Amino acid sequence: MLPQNAESLQTEKEQAIAFDRECVLLALDGDQDAFTDLVLEYQRAVFNLTYRMLGDTVEAEDAAQEAFLRAYRNLDCYDTTRSFKTWVLSIASNYCIDIIRKRRLSWLSLDDMLPGEVMSAIEHQSIEELMVDGERDRSVQEMMALLKPDERAIIILRYWNDLSYEEIADALGINVGVVKSRLFRARQAMANRIKVREPGLVLVGA
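Keep in mind the model is a prediction, meaning the values are calculated, not measured.

**Some thoughts on the nonpolar core**
Stage number 1. Formed by 48 residues in total, the largest nonpolar core has its most connected members in F35, V46, M53, F84, I155 and L157.
Stage number 2. Only helix 1 (4-28), helix 2 (32-54), helix 3 (57-73), helix 4 (84-103), helix 7 (137-144), helix 8 (149-159), helix 9 (165-172) and helix 10 (176-193) provide two or more residues apiece to this core.
Stage number 3. Residue contributions to this core peak at ten residues, all from helix 4.
Stage number 4. Sequence-distant contacts of M53, defined by excluding residues within four places in its chain, comprise S93, C96, I97, I100, P149, R152, A153 and I156.

**Remarks on the environment of A16**
Stage number 1. By secondary structure assignment, the location of A16 is in helix 1.
Stage number 2. Accessibility expressed as a relative area gives 30% for A16, which makes it partly exposed.

**Structural notes on helix 8**
Stage number 1. The element helix 8 is extensively covered by neighbouring structure, given that ten of its eleven residues are classed as buried.
Stage number 2. Among the residues making up helix 8, those that are buried are P149, D150, E151, R152, A153, I154, I155, I156, L157 and Y159.

**Concerning the packing of helix 2 against helix 8**
Geometry of a packed helix pair, given as the angle between the helix axes and the separation of the axes.
Stage number 1. Across the interface, helix 2 lies against helix 8 with an axial gap of 10 Å and an inter-helix angle of 145°. Seen from above, helix 2 lies across helix 8 with right-handed handedness. Contacts from L49, R52 and M53 of helix 2 reach helix 8 at P149, R152, A153, I156 and L157.
Stage number 2. For the contact of helix 2 with helix 8, the class distribution of residues is six nonpolar, no polar and two charged.

**Some details on the packing of helix 2 against helix 3**
Stage number 1. One way to put it is that helix 2 packs onto helix 3 with a least axis distance of 8 Å and a crossing angle of 140°. Here helix 3 runs oblique to helix 2, going by the angle between their axes. The hand of the helix 2/helix 3 crossing is right-handed. Taking contact as the criterion, the partners of Q32, F35, L38, V39, Y42, Q43, V46, F47, T50, Y51 and L54 in helix 2 are, on helix 3, T57, E59, A60, E61, A63, A64, A67, F68, A71 and Y72.
Stage number 2. In terms of residue class, the contact of helix 2 with helix 3 is made up of 15 nonpolar, four polar and two charged.

What counts, and at which threshold
Residues numbered from 1 in each chain as written. Predicted model: local features only at pLDDT ≥ 70, side-chain atom pairs only at ≥ 80, totals over all residues. Heavy atoms only, no water. Core = buried A, V, L, I, M, F, W, Y, C linked by side-chain atoms within 4.5 Å. Buried < 20%, exposed > 50% of the residue type's maximum accessible area, 1.4 Å probe, protein only. Helix = DSSP H or I, 4+ residues; strand = E, 2+ residues; numbered from the N terminus. Contact = heavy atoms within 4.5 Å. Axes fitted to C-alpha atoms, helices over the stretch in contact; angles between N-to-C directions. Left-handed = near helix turned anticlockwise from the far one by under 90°. Nonpolar A, V, L, I, M, F, W, Y, C, P; charged D, E, K, R; others polar. Parallel < 35°, antiparallel > 145°, perpendicular 65-115°, else oblique.

As structure tokens, then:
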């Protein structure tokens, strides 16, 4: 028997998928308001991902709109047994990866990466704690630029969208082992590269 909190999470997930399925079926039947309901439900999560991936508000808004447009155009391909949120996040992340690769993003140099005064309080923080600390949003965004696009997508899906390894694998079309490997590599890269150039302040591990 599942613990009570696990049962609650499972019920919430089932309810979300049921909501997604109903909206998609109505949208396929011509009800545009039903698709609008999906946009309103998940636009925050999608924009959060596109902004973290691209680092620019205007570009992120355009990418989020494009993700929903692509979802709408391919709605008949949607598997109603899976989460619409995971599906549209997969569309958004792959679109952002394409943008990053096309523009051949130049990674920030370590010397210019982080202002010491912003990072001065993270000496004892883990990467997970840093991920959820909104007060250091700009610095985290700069750190994300150090990662490869696919590693960046995994970090965002895991820590900002709280997707499971299985959901991330589903979203990116890779297996769970690859997700875990890339997530570990991304976390290590961030932890090992971030050095605060002030006496006694060095972050060297997760």
